[in-house]
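Coordinates in review
Listed here are the chains, written in short residue letters.
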Amino acid sequence: QVQLVESGGGLVQAGGSLRLSCVVSGSIFSVVAMAWYRQAPGKQRELVTSITSGGNTNYADSVKGRFTISRDNAKNTVYLQMNSLKPEDTAVYYCYADIVRRDTMLQYGYWGQGTQVTVSS
């Protein structure tokens, strides 16, 4: 009923830029908050950045000044602009959303399928 679909991943050179998108669809009453996580091979999934419905944002120290999260409420879409990419940014990036379902009016957390970002040196 509720789906998150990421796009925009790919292969880039160190110092380059990439923009990820995540579109939310389904039985949605409201999107309370959205976030981007990433997971590198053999490592734990980590929170990269988040944004609330009110527009408050948080960033992991490792991406501050380089990554920017934004949202388009009309399109139920969140973006991750990644600049000055480093090889250590290489990971599968996952979109996450806290959503109040229209049918039940209950809040649940949902994950996207992930998109691969590879940064070459």
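These figures come from a predicted structure and were not determined experimentally.

**With respect to the overall build of the chain**
Looking only at helices and strands, one finds 0 helices and 11 strands in the chain. Scanning the chain from its N terminus toward the C terminus, one meets helices and strands in the order β-β-β-β-β-β-β-β-β-β-β. Relative to the 2.2 N^0.38 estimate, which gives 14 Å for 121 residues, the radius of gyration of the chain is 14 Å and therefore close to what a compact globule would have. In terms of principal-axis extent, the alpha carbons of the chain reach across some 50 × 25 × 25 Å. Counting all 121 residues of the chain, 41% fall into the buried class. Here the contacts in the chain between residues at least 6 apart in sequence split such that 55% fall between residues at least 24 apart. As presented, the chain carries roughly 6400 Å² of accessible surface, and 47% of it is formed by carbon and sulfur atoms. Charge centroids of the chain, computed over 11 positive and 8 negative side chains, lie 2 Å from each other.

**Here we look at the side chain of Ser 21**
Structurally, Ser 21 can be placed in strand β3 (residues 18–26). Among residues more than four places away in sequence, those in contact with Ser 21 are Val 5, Glu 6, Ser 7, Trp 36, Val 78 and Tyr 79.

**What to know about the sheet that holds β3**
Judged by pairing direction, the sheet is antiparallel, and its 4 strands sit side by side in the order β1-β3-β8-β7 without closing on themselves. What marks the edges here is a single partner per strand, and that holds for β1 (2–7) and β7 (67–72). Adjacent strand axes in the sheet meet at a mean angle of 15°, parallel and antiparallel pairs treated alike. Alignment of β1 against β3, held across 6 bridges, turns out to be antiparallel. Directly across from Leu 4, in β3, lies its bridge partner Val 24.

Cut-off values and rules
Position numbers for residues start from 1 in each chain and track the written sequence from start to end. Predicted model: local features are reported for residues with pLDDT of at least 70 only, side-chain atom pairs are reported and counted for 80 or more only, and whole-chain, interface and lining totals are derived from all residues. Hydrogens and water are ignored here; the side-chain numbers use all heavy atoms of the structure. Put simply, DSSP marks the helices as runs of H or I at least four residues long and the strands as runs of E at least two long, and each gets a number from the N terminus on. Atoms counted for the radius of gyration: C-alpha only. Globule rule: 2.2 Å times the number of residues to the power 0.38. Partly exposed describes any residue whose relative accessible area lies between the buried limit of under 20% and the exposed limit of over 50%, with all areas from a 1.4 Å probe on protein chains only and scaled to the type maximum. In what follows, residue pairs with any heavy atoms lying within 4.5 Å of each other are defined as contacts. Only the protein chains shown count as cover for residues, and the accessible areas themselves come from Shrake-Rupley with a 1.4 Å probe. For the purpose of counting charges, residues Lys and Arg are taken to be positive, whereas Asp and Glu are taken to be negative. His and the chain ends are not included. We put the charge of a Lys on NZ, of an Arg on CZ, of an Asp on CG and of a Glu on CD. In this scheme, strands are said to pair when DSSP sees at least two bridges between them. Fitting a line to C-alpha atoms yields each axis, with helices limited to the stretch in contact; the angle taken between N-to-C directions then spans 0 to 180 degrees.

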